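The lines below spell out each chain.
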Amino acid sequence: SLAMIRSKRNNSVGDYLNDEINGVGYIDFINDLSKNFATKKDELIKDLSMLIHTLFTKENFVAYSTLDKETMPNYKEACMQLYENLPSSSERKVNNEQIKLKPINEGFMCPFDVNFVIRSCDFARVGCSYNGKMDVLTNAIGIDYLWQNVRVKGGAYGAGLLLNQKMGFALYSYRDPHIVETNNIYFGIPEFIKSMKYSDEELLKLKIGSISNNSYVMHPSDAGKLGFSWLLSGYTYEEVVKQNDELLECTVSDLNNFANTISELLNNSNLCVIGNEKQVDDNKKLFNEIRKLY
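Quantities reported herein were computed from a predicted structural model and do not represent experimental measurements. (Residues numbered from 1 in each chain as written. Predicted model: local features only at pLDDT ≥ 70, side-chain atom pairs only at ≥ 80, totals over all residues. Heavy atoms only, no water.)

**Some remarks on the environment of glutamate 181**
Right, on to step 1. The topology assignment puts glutamate 181 in helix α8 (residues 180-187).
Right, on to step 2. Taking the C-alpha atoms as reference, glutamate 181 lies 9.7 Å from asparagine 149; in sequence the two are 32 residues apart. (Helix = DSSP H or I, 4+ residues; strand = E, 2+ residues; numbered from the N terminus.)

Given below as structure tokens:
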């Protein structure tokens, strides 16, 4: 997860901030604060005060819950009490203009024997968008290519492809004894896509597997969280139906046609490896930056 968050850092402002809050960027912030607390505490207090007054306002307030009809009025009343006690938004705005995004390949050296090899790219960087047929492609690549080459032949504990609206494009391996070999396998994916040949029965199994990954029984609380995330992201039910139809209509020819898109995503992707100190150092030619994570 740490390597995935870091690899996506330079894909978008949101991904950059996610690393600053949840990833290596946050580790760096805490380490710096710990070493220089005496000189930075006043600045920290000022920044936290600014965040409080910027974030916790009436205009930013959103609430949701998964409740029965009888309980909902009490919840609404409690929310309104909280809302009424929030201040209105000030003119203060968070300035993201200083965030400069650029593709980067990073290697982080750690005191363990295995590696976590991640490549990621935002769809917007290459001008493509998510399509329901990508779910079938993801399933095929995961089962017939990455599992066979990275897991079975390469000895990694696991590997996979993410190709969706939320994550964009990302390839990952974990507990992997290799770095260069896995990276080379990633770049072999476009040729594998071009060579895909599936019978109608095989393609149907891939579609069923893809549908089962997206459609499963959820606890009401999980369904509520999902609906809330869709609301915040602007994701609509119509889009869900459209993408499901695209998945069902997918043909082998459609899969073959993704080869150029995947090639572009790979060629514009960020590489992040968190792994064995000697292996990262021995393969420094892969990276723009190398440093210890500990």
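Right, picking up where we left off after that structure.
**Notes on the environment of tyrosine 186**
Right, on to step 1. Residue placement: tyrosine 186 occurs in helix α8.
Right, on to step 2. Its relative accessible area of 0% is what places tyrosine 186 among the buried residues.
Right, on to step 3. Separated by 40 residues in the primary sequence, tyrosine 186 and leucine 146 have C-alpha atoms spaced 8.1 Å apart.
Right, on to step 4. Aside from chain neighbours lying at most four places away, what touches tyrosine 186 is Val117, Arg119, Leu146, Leu171, Tyr172, Ser173 and Leu266. (Buried < 20%, exposed > 50% of the residue type's maximum accessible area, 1.4 Å probe, protein only. Contact = heavy atoms within 4.5 Å.)

**Here we look at the pattern of salt bridges**
Right, on to step 1. Using the criterion set out here, one finds 13 salt bridges in the structure.
Right, on to step 2. Notably, a salt bridge pairs aspartate 254 with lysine 133, separated by 3.2 Å at the nearest N-O pair. Here aspartate 254 is found in helix α13 (residues 252-256), whereas its partner lysine 133 is found in helix α7 (residues 133-153), with 121 residues between them in sequence. This pair shows no difference in class: aspartate 254 is buried, exactly as lysine 133 is.
Right, on to step 3. A salt bridge links glutamate 201 to lysine 205, with the nearest nitrogen and oxygen atoms 3.9 Å apart. In this pair, glutamate 201 and lysine 205 are both assigned in helix α10 (residues 200-214), four residues apart and thus about one turn of the helix distant.
Right, on to step 4. Here the salt bridges share partners, and the residues they tie into one network are Arg6, Arg9, Asp19, Glu20 and Glu106. (Salt bridge = Lys/Arg side-chain N within 4 Å of Asp/Glu carboxyl O.)

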